[in-house]
Amino acid sequence: MSGAELLLTLAGAVTMLLLSVIAYFLKLLIEDTRQLKGELAKLKELFYRLEIEQAFLKNMMKAR
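Here the structure is a predicted model, which means the values were calculated and not measured. (Residues numbered from 1 in each chain as written. Predicted model: local features only at pLDDT ≥ 70, side-chain atom pairs only at ≥ 80, totals over all residues. Heavy atoms only, no water.)

Engineer: Honestly, the overall build of the protein chain in this entry has me stumped. Any pointers?
Structural biologist: On a plain count of helices and strands, the protein chain comes out with one helix and zero strands. Here the protein chain has a C-alpha radius of gyration of 28 Å; the compact-globule value for 64 residues is 11 Å, and the former is much larger. Here the C-alpha coordinates of the protein chain stretch approximately 95 × 10 × 5 Å along the principal axes. For the protein chain, the proportion of its 64 residues judged to be buried stands at 0%. The positive charge centre, built from 9 side chains, and the negative charge centre, built from 7, are 13 Å apart in the protein chain. (Helix = DSSP H or I, 4+ residues; strand = E, 2+ residues; numbered from the N terminus. Rg over C-alpha atoms; globule rule 2.2 N^0.38 Å. Buried < 20%, exposed > 50% of the residue type's maximum accessible area, 1.4 Å probe, protein only. Lys, Arg positive; Asp, Glu negative; His and termini not counted. Charge placed at Lys NZ, Arg CZ, Asp CG, Glu CD.)

Given below as structure tokens:
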């Protein structure tokens, strides 16, 4: 194997390794984004419930 072939093989291996690392971190980022969307939906639901409860308590206080 000549020096040029060895250099190209090494460059290809390094490139493959870097692309694998990038793909792994992108996968983690996508999973975190999906999890965050789920948590945001739960937070919105809780916020709406708290708004309803607050309105209910205000009406109770006015009725007294």
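Engineer: Would you explain the pattern of salt bridges in this entry?
Structural biologist: When their charged atoms lie close together, side chains carrying opposite charge are able to pair. Throughout the structure, instances matching the rule amount to two salt bridges. Residue Glu31 pairs with Lys27 through a salt bridge whose shortest N-O separation is 3.8 Å. Placement of both Glu31 and Lys27 in helix 1 (residues 3-63) is noted, with a separation of four residues, approximately one turn of the helix. Owing to a relative accessible area of 38%, Glu31 belongs among the partly exposed residues under this scheme. On the accessibility criterion, Lys27 (48% relative accessible area) is partly exposed. Arg49 is paired through a salt bridge with Glu45; the nearest N and O atoms lie 2.8 Å apart. Taken together, the residues Arg49 and Glu45, both in helix 1 and four residues apart, mark about one turn of the helix. (Salt bridge = Lys/Arg side-chain N within 4 Å of Asp/Glu carboxyl O.)

Engineer: How should the UniProt feature "transmembrane region" (unreviewed entry) in the protein chain be read in this particular structure?
Structural biologist: In the numbering adopted here, UniProt assigns the feature "transmembrane region" (unreviewed entry) to residues 6-26. Helix makes up 100% of residues 6-26 and strand 0%, whereas the separation of the span's terminal C-alpha atoms amounts to 30 Å. (UniProt positions renumbered as here; feature names shortened; annotations may be inferred.)

Engineer: Teacher, can you tell me more about the environment of Arg49 here?
Structural biologist: The exposure class of Arg49 is exposed, given its relative accessible area of 54%. Along the backbone, Arg49 and Met60 are 11 residues apart, and their C-alpha atoms lie at a distance of 17 Å.

Engineer: Explain a nonpolar patch on the surface to me, please; I cannot follow it from the model alone.
Structural biologist: On the surface, a cluster of nonpolar side chains totalling about 480 Å² of accessible area is made up of Leu17, Val21, Tyr24, Phe25 and Leu28. Here Tyr24 lies in helix 1. Note on Tyr24: relative accessible area 47%, which makes it partly exposed. (Patch = residues over 30% accessible without salt bridge, like charges linked within 9 Å, V, L, I, M, F, W, Y side chains within 5 Å. Areas by Shrake-Rupley, 256 points an atom, 1.4 Å probe, with all protein chains shown as cover.)

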